[in-house]
Amino acid sequence: MSAAAPWAAHFGLARTPFGKSIPAKDLFVRQAHAEAVARINFCVVESALGVITGDVGAGKTVSVRAAVDALDRTRHQIIYIANPAFGTRGLYVTIVRALGAEPRYLKAELMAQAADLLAAETAERHRRVVLICDEAHLLAPAQLEELRLLTNSEMDSASPFAGILIGQPTLNRQLRMGVFAALDQRIATRFTIKAMDIGESAAYLRHHLALAGRDEPLFADDAIARLHRASGGLPRALNNAATAAIIAAAADNKDLVDDTCAKKAVAELTRD
Ligand SMILES: Nc1ncnc2c1ncn2[C@@H]1O[C@H](COP(=O)(O)OP(=O)(O)O)[C@@H](O)[C@H]1O
Ligand SMILES: [Mg+2]
């Protein structure tokens, strides 16, 4: 975390709060976050397929980061796909490259190569492959089919890797569609990260302020209620709303972020 911006220093904060690059150990552990992490761990341990969904900014990617951060890297090979919108060769190419090989040119060979490498990782290197696809609602039908083929490669034995699909709520609908029923049936766990309730939003704000070095309250209760409503309880939106409200309060030389500041912040963020 970097030094405090002037508006943060105004309130005696040692660092700028609500920064994007929050270390995994500093994350706010609410119920939904802990449960998402637990589901991801379940998939890793069982070499199973799991789906985590949630609205934009709900905390999906940070939950993956928290889960992955805790894994022993000598025993796990993590393949993290931040965005799968890279065409149909892309999935296998990414897997093959991540496992240290040069992708074969022909599609049919590439698929076999990916499957062989996945199997070898477990059998020879005794490392479990954890394939994580973020923004998985962007997976094209052909890519979902590729994924299905990979999980199928050893029909009767355990899946050769743990697979975690992270995406917006539409992902569940995509997976339920007839063509993907075979993949859908292989999904061992599903979880939706819901938005925070008002109590969680208040605790979330306190948590971030404490990280920035302030333990005393900064937001008035009605300001918290307004920021919570405006953000729909979604962490990323709440970060932005809270930041705008603190800036407004600093500009007005106040020593608390009151509802007038929250109102200004919300008006500013919703203006188009
Ligand atoms: N548990 C948490 N603790 C602290 N900050 C969080 C937490 N969850 C989300 N955030 C904040 O919200 C932002 C958006 O979360 P992210 O996981 O990227 O959302 P998603 O992947 O669901 O769109 C993060 O960059 C972080 O600043
Ligand atoms: Mg994300």
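Given the structure is predicted, the values throughout are model-derived calculations rather than measurements.

(A) Highlighting the overall build of the chain. Helix and strand counts for the chain come out as 12 helices and 5 strands. A fraction of 71% describes how many contacts in the chain between residues 6 or more apart in sequence connect residues 24 or more apart.

(B) Spatial organisation of the domain arrangement of the chain. Parsing the chain into structural domains produces domain 1 (31–193) and domain 2 (196–270). Of the residues lining the interface, 4 residues belong to domain 1; the matching set on domain 2 comes to 4 residues. Residue classes in the side of domain 1 that touches domain 2 are distributed as 1 nonpolar, 2 polar and 1 charged.

(C) Structural view of the packing of helix α2 (residues 31–46) against helix α3 (residues 60–69). In contact at an axis separation of 9 Å, α2 and α3 are set at 55 degrees when each is read in the N-to-C sense. By the angle class used here, α2 and α3 are oblique. Handedness of the α2/α3 crossing: right-handed. Where α2 approaches α3, its residues His33, Ala36, Val37, Ile40 and Asn41 are matched on the opposing element by Ser63, Val64, Ala66 and Ala67. Looking at the contact of α2 with α3, its residues break down into 6 nonpolar, 3 polar and no charged.

(D) Fine view of the packing of helix α4 (residues 90–98) against helix α5 (residues 107–123). Following both chains from N to C, one finds α4 and α5 inclined at 40 degrees, their axes separated by 9 Å at the closest point. Considered as vectors, α4 and α5 are oriented oblique to each other. Two packed elements cross with a definite hand, and for α4 against α5 that hand is left-handed. Here α4 contributes Tyr92, Val93, Ile95 and Val96 to the contact with α5, which in turn contributes Leu110, Met111, Gln113, Ala114, Leu117 and Leu118. For the contact of α4 with α5, the residue count by class is 9 nonpolar, 1 polar and no charged.

(E) Quick look at the sheet that holds strand β1 (residues 49–54). Within the open sheet, the 5 strands sit side by side as β2-β3-β4-β1-β5. Their pairing is parallel. Whereas interior strands pair on both sides, the edge strands pair on one side only; in this sheet they are β2 (76–81) and β5 (187–193). Within this sheet the neighbouring strands show an average axis-to-axis angle of 15 degrees, counted without direction. Bridging between β1 and strand β4 (residues 162–167) involves 5 bridges; their strand directions are parallel. Bridge pairing in β4 places Ile52 opposite Ile166. Against the sheet, α2 engages β1, β2, β3 (128–133), β4 and β5, with an angle of about 165 degrees to β5.

(F) Structural context of the site of ligand 1. In the vicinity of ligand 1 there are 16 residues, among which Phe28, Gly59, Lys60, Thr61 and Pro235 approach most closely. Taken together, the elements giving at least two residues each to the shell around ligand 1 come down to α3 and α11 (235–251). Tallied by class, residues from the shell around ligand 1 come to 7 nonpolar, 6 polar and 3 charged.

(G) Spatial organisation of the environment of Thr122. Relative to the assigned elements, Thr122 resides in helix α5. Judged by the 17 C-beta atoms lying within 10 Å of it, Thr122 falls in the partly exposed class. A sequence separation of 102 residues divides Thr122 from Lys20, and the C-alpha atoms of the two residues are 35 Å apart. Apart from residues lying up to four places away in sequence, Thr122 is in contact with Arg127, Arg128 and Pro160.

(H) Examining the nonpolar core more closely. Core analysis: the biggest nonpolar cluster contains 74 residues, and Ile40, Leu227, Ala241, Ala245 and Val257 have the highest contact counts within it. For this core, the leading source of residues is α11, giving 10 residues. The residue makeup of this core includes at least three contributed by each of domain 1 (31–193) and domain 2 (196–270). The contacts of Ile40, once residues within four sequence positions are left out, are Gly50, Ile52, Ser63, Val64, Ala67 and Ile164.

Rules used throughout
Residues numbered from 1 in each chain as written. Chains lettered and ligands numbered in written order. Predicted model: local features only at pLDDT ≥ 70, side-chain atom pairs only at ≥ 80, totals over all residues. Helix = DSSP H or I, 4+ residues; strand = E, 2+ residues; numbered from the N terminus. Contact = placed C-beta atoms within 7 Å. Domains from an automatic or database assignment. Nonpolar A, V, L, I, M, F, W, Y, C, P; charged D, E, K, R; others polar. Axes fitted to C-alpha atoms, helices over the stretch in contact; angles between N-to-C directions. Parallel < 35°, antiparallel > 145°, perpendicular 65-115°, else oblique. Left-handed = near helix turned anticlockwise from the far one by under 90°. Pairing = 2+ DSSP bridges. Near = placed C-beta within 6 Å. Buried ≥ 20, exposed ≤ 12 C-beta atoms within 10 Å, placed from the backbone. Core = buried A, V, L, I, M, F, W, Y, C linked by C-beta atoms within 7 Å.

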